[in-house]
Amino acid sequence: MRITGKTLDRLGGKGGDPLDDDAIIGSYTAYKHTRTMMILVVALMAAILFAIDLGLGKYSISIVDVYTSIFDRLIHWGPIETLDQLVVWDFRMPRVIVAVIAGFGLAMAGAAMQSMLKNPLADPYTTGISSGAALGATLAITMGFSFLPGNYGTVVNAFVFAMIPAMFIVVLSTFRKPSPAMIILSGISLMYIFNAIQSYFMLVADPDAASSVYAWTVGTLANASWDNIPFILAVTLGGGIVLMYMARVLNTMNAGDSYSKSIGINVNNARIILLVTVSIMAAGIVSFTGIIGFVGLVGPHIARIFVGSDNKILIPAAGLMGSCVMLLADCAVQFVSTSIPVGIITAIIGGPLFMFLIVRQKKEVW
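None of these values were measured; they are calculated from a predicted model.

Participant: Could you give an account of the side chain of Thr126, naming the residues involved and the relevant values?
Facilitator: Summarising the element assignment, Thr126 is placed in the loop between helix H4 (83–117) and helix H5 (129–143). A distance of 2.8 Å separates a polar atom in the side chain of Thr126 from the backbone nitrogen of Asp123.

Put into structure tokens, the structure is as follows:
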């Protein structure tokens, strides 16, 4: 974070008076501690929602009993001995863990895209990833076309087709050095093309297959299993490490391409690395969960209000906030009806919340 005159004024200093240096340093240290405390508060909130989500259902379990079952299972690893452990570990844990990881990954990717493109409306799907994934899943479900036979055919198809629009924009970035506006418009163009092709296959498909496609495209955690978790966790952790490593570059890109180039940063190469990273993260997640909207858009905005725009803090804070949004949405699903896909709930929660943030958010945040 660069300390500017406005920042010093907010922190209580006058930005030039040497007599105020100690006060300025003390205020800035307190400011950093406050941001750290906010992350800890959000992490605690995520831990509470995690336990609440595991406890909801026809067989209700308290927060204390949920964590007791988890710790007992971890300490005394072996055959499941109690009904609580059976319900928590075998029936609910995979779904809730996927919700945590998916929310974390999508929100981190959304924060990076917003900073890279300097656009508050950017999210992990800006490059057309969601439309590509939807087309791949549609081909597998309605036409039986998949790159891999078996249960993972839809997943592999979704991942491969999700990477097509992303790679198109990466190639475009290599040859044309596009501006953020060009990247966004290219993503929108690809989205319309893929959506049109998907709509055609939906029209000629069997009604039952079309219904399955619709359930996939709105996003669901119903298919989560222990087998899914390693891949989703790998792409989220790997992508998160790259984004944190690129946090300083994202900070400079958020200040403008001209400033980034003036301090020796190759903006085009950095943008390609970030696009590839975000694309792999988003494609890896949606290929298992379907298209869960608003998490990658709303999570970073909420985090930005509390911790500011420094990506070293914003990216992990946005990830935790995304996990909270996903857990809250899944809690609503368990409370209302398990037949409702979680993507519908995230849209119901995210839409009004995003409108509220647009109205209330200060211009200085961007």
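Participant: Pulling in residues and values, what's your account of the pattern of salt bridges?
Facilitator: A full pass over the atoms with the stated rule returns 3 salt bridges. Here Asp310 and Arg35 are joined by a salt bridge, their closest N and O atoms 3.8 Å apart. Here the residue Asp310 occupies a position in the loop between helix H13 (295–307) and helix H14 (311–336), and Arg35 occupies one in helix H2 (residues 21–55), the gap between them amounting to 275 residues. Each of the two residues, Asp310 as well as Arg35, counts as buried. Within this structure, Asp53, Arg95 and Asp330 form a network of salt bridges that share partners.

Participant: If you had to explain the nonpolar core to someone new, which residues and values would you point to?
Facilitator: Ranked by size, the top nonpolar core spans 66 residues in total, and within it Phe50, Leu54, Ile70, Val88, Met93, Trp216 and Met326 carry the most contacts. Counting residues per element, this core draws most heavily on H4, at 13 residues. Those residues in contact with Met93 that lie beyond four places of it in its chain are Phe50, Leu54, Ile70, Val88 and Trp226. Ranked by size, the runner-up nonpolar core spans 31 residues in total, among them Leu117, Leu135, Leu243 and Leu274.

Participant: Explain the packing of aromatic side chains to me, using residue names and the numbers behind them.
Facilitator: Applying the stated rule across the entire model yields 8 aromatic pairs. For the ring pair Tyr152 and Phe288, a centre distance of 6.5 Å and an interplane angle of 75 degrees mean the geometry is edge-to-face. Of this pair, Tyr152 sits in the loop between H5 and helix H6 (153–176) while Phe288 is found in helix H12 (residues 267–289), placing the two residues 136 residues apart along the sequence. Using a relative accessible area of 35% as the deciding quantity, one classes Tyr152 as partly exposed. Residue classification places Phe288 among the buried positions, given a relative accessible area of 13%. Where Tyr200 meets Phe201, the ring centres are 5.5 Å apart and the plane angle is 65 degrees; that geometry is what we call edge-to-face. Clustering of aromatic rings is evident, with ring pairs tying together Tyr152, Phe159, Phe231 and Phe288.

Participant: Tell me about a nonpolar patch on the surface, and name the residues and values.
Facilitator: Nonpolar side chains collect at one region of the surface, where Met143, Phe145, Phe147, Leu148, Tyr152, Val160, Tyr200, Leu203 and Val204 lie side by side and expose about 890 Å² of accessible area between them. Sort the elements by how many residues they give to the nonpolar patch and helix H7 (residues 180–204) lands first, with 3 residues. Locating Val204 in the fold gives a position in helix H7.

Participant: Lay out helix H9 (residues 229–245) with the relevant residues and their values.
Facilitator: With 17 residues, H9 should cover 24 Å at 1.5 Å per step; its first-to-last C-alpha distance of 24 Å lies within 8% of that length. Restricting attention to buried positions, one finds in H9 the residues Ile229, Ile232, Val235, Thr236, Gly239, Gly240 and Leu243. Burial along H9 is one-sided: seen end-on, the buried residues are contained in an arc of 145 degrees. Exposed positions of H9 whose direction lies more than 90 degrees from the buried face are Pro230, Leu237, Ile241 and Tyr245.

Participant: Lay out the side chain of Asp84 in plain terms, naming residues and giving numbers.
Facilitator: With respect to the helices, strands and loops of the structure, Asp84 is situated in helix H4. Despite its burial, Asp84 pairs with no opposite charge, the nearest such side chain being Arg92 at 7.8 Å. Sequence-distant contacts of Asp84, defined by excluding residues within four places in its chain, comprise Tyr59, Ile61, Asp65 and Ser69.

Participant: Tell me about the packing of H5 against H7, and please be specific about residues and values.
Facilitator: Direction vectors running N to C along H5 and H7 enclose 20 degrees, while the axes themselves pass 9 Å from each other. Relative to H7, the element H5 is oriented roughly parallel. Seen along the crossing, H5 lies across H7 with a hand that is left-handed. Facing H5, whose interface residues are Ser131, Gly132, Ala134, Leu135, Thr138, Leu139, Thr142 and Met143, H7 presents Met191, Phe194, Asn195, Ile197, Gln198, Phe201, Met202 and Val204. Residues belonging to the contact of H5 with H7 are distributed by class as follows: 10 nonpolar, 6 polar and no charged.

Conventions used here
Residues numbered from 1 in each chain as written. Predicted model: local features only at pLDDT ≥ 70, side-chain atom pairs only at ≥ 80, totals over all residues. Heavy atoms only, no water. Helix = DSSP H or I, 4+ residues; strand = E, 2+ residues; numbered from the N terminus. Polar contact = N/O pair within 3.5 Å; in protein donor to acceptor, adjacent residues only side chain to side chain. Salt bridge = Lys/Arg side-chain N within 4 Å of Asp/Glu carboxyl O. Buried < 20%, exposed > 50% of the residue type's maximum accessible area, 1.4 Å probe, protein only. Core = buried A, V, L, I, M, F, W, Y, C linked by side-chain atoms within 4.5 Å. Contact = heavy atoms within 4.5 Å. Phe/Tyr/Trp six-rings, centres within 6.5 Å; stacked < 30°, edge-to-face > 60°. Patch = residues over 30% accessible without salt bridge, like charges linked within 9 Å, V, L, I, M, F, W, Y side chains within 5 Å. Areas by Shrake-Rupley, 256 points an atom, 1.4 Å probe, with all protein chains shown as cover. Expected span 1.5 Å × (residues − 1). Arc of directions from axis to C-beta. Lys, Arg positive; Asp, Glu negative; His and termini not counted. Axes fitted to C-alpha atoms, helices over the stretch in contact; angles between N-to-C directions. Parallel < 35°, antiparallel > 145°, perpendicular 65-115°, else oblique. Left-handed = near helix turned anticlockwise from the far one by under 90°. Nonpolar A, V, L, I, M, F, W, Y, C, P; charged D, E, K, R; others polar.

Without other data, these values stay purely geometric and don't point to any function.
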